[in-house]
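Reading the structure
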Amino acid sequence: MPQKPTVLVTRKLPAAVEARLARDYDARLNASDKLMSPDEIVAGVQNADALLPCPTCKVTADMIRRFPDRLKAIATFSVGYEHIDIKAAKERGIVVGNTPDVLTDATADIALLLMLGAARGAFEGERAVREATWGAWAPTGMLGVHMTGKRLGIYGMGRIGLAVAKRARAFDMKIHYHNRSRLTPDQEQDAVFHARAEDMLPHCDFLSLNAPATAETTGFLNAERIKLLPDGAVVVNTARGPLVDDEALIAALKSGKLFAAGLDVYTGEPAINPAYRSVPNTFLLPHLGSATTETRVAMGMKAVDNLDAFFAGKPLPARVV
């Protein structure tokens, strides 16, 4: 019987995914879900053929240089792969796969939840009920803003951006978008394309950030671009924290330039900028974008699909490099 490939799995995964790994691989699982240090990951992949990391596990160039020659595949449990030094992996001849498509709907759902939660003051409302400070109904009490019929700007019209637009149309929102390239008419469905993000921002009563984290997108939403938004706009981010200049966003929320923000991702998470916690016009979630049972199982299965294909000598279903 041929020896099964050895795979280090850096985090505890859904039971169905771990069962498949244990069946088909010599899987080094992380039963306690303890965050592994770089040295622990390097030690764990000695005599291993592959690594299955999560976004919480940085796979740096230094670590990759210390990986054994035997390790030839990295199948990340994520769509994003900024936690992996792709250049270093390529130099070592290591194939990298990710998990696109399967978390599109779950993340788009969270974007709509953030838009509604921020626009309607959900945080303050729920706190009033939980803390028994809810007083008598008042005509001007806890007023939010309408989503219906407003203009939504989408920064990054990939799979998730398109899914956000589809949902927003149910609220009769007019879609504007900026993308690296213009979509086909069938994909646009009357959305307005802006070749420059700066030209889109004045048309954004709501702004949804859906671009990947790259050198070009890091710090995109800064003080200068926030000034271009209409007064009272709502900003939501389900992409990556570094797209936002935290200090600029917090200042705009405090000044009233922005009505509210809904955030699911943060720079340095879970150690977020503490000022967010004291700003009342925020609706904050702990990176729940893909957090449904169905989605996380599908992500794990797609990561294992990448491993299966690699060890069978076939093209990966989702290959990064």
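Preceding block: the structure.
Residues numbered from 1 in each chain as written. Predicted model: local features only at pLDDT ≥ 70, side-chain atom pairs only at ≥ 80, totals over all residues. Heavy atoms only, no water.

**A closer look at the environment of W134**
Along the chain, W134 falls in the loop between helix 6 (122-130) and strand 6 (151-155). For the pair W134 and E124, spaced 10 residues apart in sequence, the C-alpha to C-alpha distance is 9.9 Å. Residue contacts for W134: discarding those within four places in its chain leaves A128 and V129. (Helix = DSSP H or I, 4+ residues; strand = E, 2+ residues; numbered from the N terminus. Contact = heavy atoms within 4.5 Å.)

**Quick word on helix 12 (residues 293-311)**
Helix length check: helix 12, at 19 residues, gives a terminal C-alpha distance of 27 Å against a target of 27 Å (1.5 Å per residue), a fit within 8%. Taken together, the buried residues of helix 12 touch strand 1 (6-9), helix 1 (15-24), strand 3 (50-52), strand 4 (73-75), strand 5 (95-97) and helix 5 (104-119). Just beyond helix 12, the residue with positive phi is G313, at close to 75 degrees. (Expected span 1.5 Å × (residues − 1).)

**Structural notes on the nonpolar core**
Within the largest apolar cluster, 29 residues are counted, with the highest numbers of intra-cluster contacts made by L207 and L258. When residues of this core are traced back to their parent elements, those giving at least two are helix 9 (197-200), strand 9 (206-209), strand 10 (233-237), helix 11 (246-255) and strand 11 (258-263). Considering each element in turn, this core owes the most residues, 5 residues, to helix 11. With sequence-adjacent residues up to four places away left out, L207 is seen in contact with L152, G153, M200, L201, L221, L229, V234, V235 and V236. Of all hydrophobic cores here, the second largest spans 27 residues; its members include A108, L183, A191 and F206. (Core = buried A, V, L, I, M, F, W, Y, C linked by side-chain atoms within 4.5 Å. Buried < 20%, exposed > 50% of the residue type's maximum accessible area, 1.4 Å probe, protein only.)

**Quick look at unusual backbone geometry**
The omega angle of the peptide bond from E269 to P270 is 5 degrees, so this bond is cis rather than trans. In this structure, D101 is a non-glycine residue whose phi angle is positive, near 80 degrees. Within the secondary structure, D101 sits in the loop between strand 5 and helix 5. At A132, a residue that is not glycine, the phi angle is positive and equals roughly 55 degrees.

**Let's talk about the sheet that holds strand 2 (residues 26-28)**
Taken together, the 5 strands give an open sheet; going across it, the order is 2-1-3-4-5, and neighbouring strands pair in parallel fashion. The sheet is open, and its two borders are formed by strand 2 and strand 5, each paired with just one other strand. Taken pair by pair, the neighbouring strands of this sheet meet at an average axis angle of 20 degrees, ignoring direction. Sheet topology note: the strand 1/strand 2 ladder contains 3 bridges and is parallel. The partner of T6 across the bridge, within strand 2, is D26. Each of strand 1, strand 3, strand 4 and strand 5 is contacted by helix 12, which is oriented at about 160 degrees to strand 4, the strand it contacts most. (Pairing = 2+ DSSP bridges. Axes fitted to C-alpha atoms, helices over the stretch in contact; angles between N-to-C directions.)

**Description of helix 1**
Taken together, the buried positions of helix 1 are V17, E18, R20 and L21. The buried residues of helix 1 occupy an angular sector of 160 degrees when the element is viewed end-on, so they sit on one face. Turned more than 90 degrees off the buried face of helix 1, the exposed positions are A15 and R23. On its buried face, helix 1 sits against strand 1, strand 2, strand 3 and helix 12. (Arc of directions from axis to C-beta.)

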